[in-house]
Amino acid sequence: MMLLVAVQEAMARPSYTFPRMLRCVYLSFGGSVGVCGFIGLFLALGVDLDARYAVPLTGMMLGNCLTCISVSLSALLADLKEKSEVVEHYLAFVRHVTGIKQRKNTVER
């Protein structure tokens, strides 16, 4: 339940969106909380699934993941939208070498 609330909060923070953003945010949260939770709770601390340890630590990990994912997503999408000519300049070499055709602009406000 906490994961669903955290994902919805992370989706609401960025000013720009893109198609399939919800799927990317779910995968980001699931992967980061799963890996950090496994390493932090079971390997480093060696605790079992005791609620007095698992619930607060999971809440702290979700809070940190929420901040990290929403800030990085906001910065990335803002740069892609507002500095699109710079991104196109960086990708020009890749397009030239690989022959990839330009896709339509998928970042929306």
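Preceding this section is the structure that the text describes.
Cut-off values and rules
- Residues numbered from 1 in each chain as written.
- Predicted model: local features only at pLDDT ≥ 70, side-chain atom pairs only at ≥ 80, totals over all residues.
- Heavy atoms only, no water.
- Helix = DSSP H or I, 4+ residues; strand = E, 2+ residues; numbered from the N terminus.
- Buried < 20%, exposed > 50% of the residue type's maximum accessible area, 1.4 Å probe, protein only.
- Contact = heavy atoms within 4.5 Å.
- Areas by Shrake-Rupley, 256 points an atom, 1.4 Å probe, with all protein chains shown as cover.
- Core = buried A, V, L, I, M, F, W, Y, C linked by side-chain atoms within 4.5 Å.
- Polar contact = N/O pair within 3.5 Å; in protein donor to acceptor, adjacent residues only side chain to side chain.
- Salt bridge = Lys/Arg side-chain N within 4 Å of Asp/Glu carboxyl O.
- Patch = residues over 30% accessible without salt bridge, like charges linked within 9 Å, V, L, I, M, F, W, Y side chains within 5 Å.

Before going further, it helps to examine the overall build of the protein chain. When its secondary structure is counted, the protein chain shows four helices and zero strands. When the helices and strands of the protein chain are read in sequence order from the N terminus, they spell out α-α-α-α. A total of 109 residues make up the protein chain; the buried ones form 21% of that total. Counted over contacts in the protein chain with a minimum sequence separation of 6, partners at least 24 positions apart contribute 63%. Surface accessibility of the protein chain: about 7,900 Å² in total, with carbon and sulfur atoms responsible for 65%.

Unlike most non-glycine residues, Arg-20 shows phi in positive territory, near 65°. Assignment of secondary structure puts Arg-20 in the loop between α1 (2-12) and α2 (21-44).

Of all hydrophobic cores here, the largest spans 15 residues; its most connected members are Ala-10, Met-21, Val-25, Phe-29, Leu-62, Leu-73 and Leu-77. For this core, the secondary structure elements donating two or more residues are α1, α2 and α3 (51-82). Here this core takes seven residues from α3, the largest share from any one element. The residues contacting Leu-62, other than those within four sequence positions of it, are Met-2, Leu-3, Ala-6, Phe-29 and Val-33.

Let's shift gears to the environment of Cys-36. Inspection of the secondary structure assignment puts Cys-36 in helix α2. Looking at Cys-36, the relative accessible area reads 39%, which means it is partly exposed. Sequence separation between Cys-36 and Met-61 is 25 residues; the distance between their C-alpha atoms is 7.6 Å.

Our focus in this paragraph is the side chain of Ser-70. Within the fold, Ser-70 resides in helix α3. Owing to a relative accessible area of 3%, Ser-70 belongs among the buried residues under this scheme. Among the polar contacts listed, one links the side chain of Ser-70 to the side chain of Arg-13, at a separation of 3.4 Å. Side-chain polar atoms of Ser-70 contact the backbone oxygen of Thr-67, separated by 3.3 Å.

Okay, the pattern of salt bridges next. For side chains of opposite charge, pairing can occur when their charged atoms come near one another. Tallied over the entire structure, the rule returns two salt bridges. A salt bridge links Glu-9 to Arg-13, with the nearest nitrogen and oxygen atoms 3.4 Å apart. For the salt bridge of Lys-83 with Asp-79, the shortest nitrogen-to-oxygen distance reads 3.9 Å. On the accessibility criterion, Lys-83 (43% relative accessible area) is partly exposed.

Quick look at a nonpolar patch on the surface now. A cluster of nonpolar side chains, contributed by Val-35, Phe-38, Ile-39 and Phe-42, occupies part of the molecular surface with about 370 Å² of accessible area. You can see Phe-38 is positioned in helix α2. Assessed through its relative accessible area of 46%, Phe-38 is described here as partly exposed.

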